[in-house]
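Observations on the model geometry
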Amino acid sequence: MTKKLLFLFDTDAVPSVFDTVVGYDGGADHITGYGNVTPENVGALVDGTIYTRGGSEKKSTAIFVGGGNMAAGEAVLKAVKKRFFGPFRVSTMLDSNGSNTTAAAGVALVQKAAGSLQGKKAVVLAGTGPVGMRSAALLAQEGASVVLCGRSLDKAQAAADQINQRFKVAISAAATPDAASRAAIVKGQNLVFSAGAIGIELLSEADWKEEASIEFIADYNAQPPLGFGGIDAMDKAKERHGKIVFGALGIGGLKLKLHRACVGKLFESTETVFDAEEIYALAKSMA
Ligand code: NAP
């Protein structure tokens, strides 16, 4: 039987161990990781995937684009797709730092619990990383009015501009350099997402529990201290202080199932491109 080969094109120096493990769990027979992949050097790698197998065997080769920088991952995906022509293509997935699968799982779970996100006011704390950027995009596409925060306005604005251009939405940016500014920005919001780097508390329990407007909080950081004080990483639609809470591991179960399912589906055809929209559609069907 033709071996299912997954090629990991990582924009970071070292290909991700996490993406390698989940790739095997998703059904790949062999995974080859490349680091420091750029739009300039990816062409020859793509050629190796598209010219080596024909007919029904070609679908057993697939590409996964990862790494810690969303813009860099998007640029590599664009270069990969540009290299394809006619039947010379293989299925490809973009998931920089788990961005698409994690954000899709988080937003799909909140969307399911809320019924609709249309008209909701949402804030994404530390939203400038891959997971926060994709969460902001998906929330906006669901009709929420979204503010993306980061410690510097320039970085937050650059992230918002990139999302607005890519997704045709109107996310705004805000600077939240400290605990006081983060506490202030969640006032009046309905949905609060915390997408900060691992092991950093962004909002204390006192800063969210009394805020009447907040209906849902969702955290992606699984390593204590968690993104929100007063929650448990395992929370999955758990009611706390009258709000519905999702912790990182409560979201992570669906994220892992989704990530594996996407990898499995890469080997079903040569035509699939999994990016935010396709992965979110799948997340909603699995949530
Ligand atoms: P990231 O790029 O590592 O960090 C996100 C943002 O955190 C950064 O852009 C930065 O924003 C902010 N930040 C960094 N250090 C900070 C500090 N000391 N104080 C305040 N803010 C700080 O994150 P990511 O890759 O997007 O991932 C987001 C979170 O999701 C991480 O905690 C990651 O571990 C988690 N994750 C969870 C799952 C899951 O299944 N639950 C899957 C994948 C990832 P500014 O510089 O703009 O302030």
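Our structure's up above, just so we're on the same page.
This section reports on the structure supplied with the text. Just so we're clear, the structure is a prediction, and the values are computed from it rather than from any experiment.

**Concerning the sheet that holds strand β1 (residues 5–10)**
- An order of β2-β1-β3-β4-β12 is seen for the five strands of this open sheet, with the pairing classed as parallel. Every interior strand has two partners, whereas the edge strands, β2 (30–34) and β12 (273–274), have only one.
- In terms of strand pairing, β1 meets strand β3 (residues 61–66) through six bridges, oriented parallel. In the sheet register, F9 faces β3, and the bridge partner there is V65.
- Together, β1, β2 and β3 form the strand contacts of helix α1 (residues 17–25), whose direction differs from that of β2 by roughly 160°.
- With respect to the sheet, helix α2 (residues 42–50) is in contact with β1, β2 and β3, its orientation differing from that of β1 by roughly 175°.

**As for the pairing of strand β6 (residues 145–150)**
- Of all the six residues making up β6, five are buried; the element is thus mostly covered by neighbouring parts of the structure.
- Here strand β5 (residues 121–125) pairs with β6 via four bridges, running parallel. Across the sheet, V123 pairs through a bridge with V147, a residue of β6.
- Crossover β5 to β6 through helix α5 (residues 130–141) is right-handed.
- Here four bridges tie β6 to strand β7 (residues 172–175), and the two strands are oriented parallel to one another. The residue bridging C149 from the neighbouring strand is A174, located in β7.
- At this point the chain moves from β6, through helix α6 (residues 153–167), to the parallel β7, and the crossover so formed is right-handed.

**Topic: unusual backbone geometry**
- The residue after P224, namely P225, is reached through a cis peptide bond having omega -10°.
- Mapping P225 onto the fold places it in the loop between β9 (216–219) and β10 (236–240).
- Of note in the backbone geometry, K168 takes a positive phi value of approximately 55° without being a glycine.
- Inspection of the secondary structure puts K168 in the loop between α6 and β7.
- Using a relative accessible area of 69% as the deciding quantity, one classes K168 as exposed.

**Comments concerning the packing of aromatic side chains**
- For the coordinates displayed, the defined rule picks out four aromatic pairs.
- Here F9 and Y34 contribute two aromatic rings whose centre-to-centre distance is 6.1 Å and whose plane-to-plane angle is 70°, an arrangement assigned as edge-to-face. Here F9, found in strand β1, pairs with Y34, found in strand β2; they are 25 residues apart in sequence, far enough to count as distant.
- For F9, a relative accessible area of 0% gives the class buried.
- On the basis of relative accessibility, which here comes to 31%, the residue Y34 falls in the partly exposed class.
- Between the aromatic rings of F85 and F88, the centroid separation amounts to 5.0 Å while the plane-to-plane angle is 35°, which identifies the pairing as tilted.
- Connected via pairs of aromatic rings, a cluster forms that spans Y51, F85 and F88.

Each value, and the rule that gives it
Residues numbered from 1 in each chain as written. Predicted model: local features only at pLDDT ≥ 70, side-chain atom pairs only at ≥ 80, totals over all residues. Heavy atoms only, no water. Pairing = 2+ DSSP bridges. Helix = DSSP H or I, 4+ residues; strand = E, 2+ residues; numbered from the N terminus. Contact = heavy atoms within 4.5 Å. Axes fitted to C-alpha atoms, helices over the stretch in contact; angles between N-to-C directions. Buried < 20%, exposed > 50% of the residue type's maximum accessible area, 1.4 Å probe, protein only. Right-handed = clockwise from strand over helix to strand, strands pointing away. Phe/Tyr/Trp six-rings, centres within 6.5 Å; stacked < 30°, edge-to-face > 60°.

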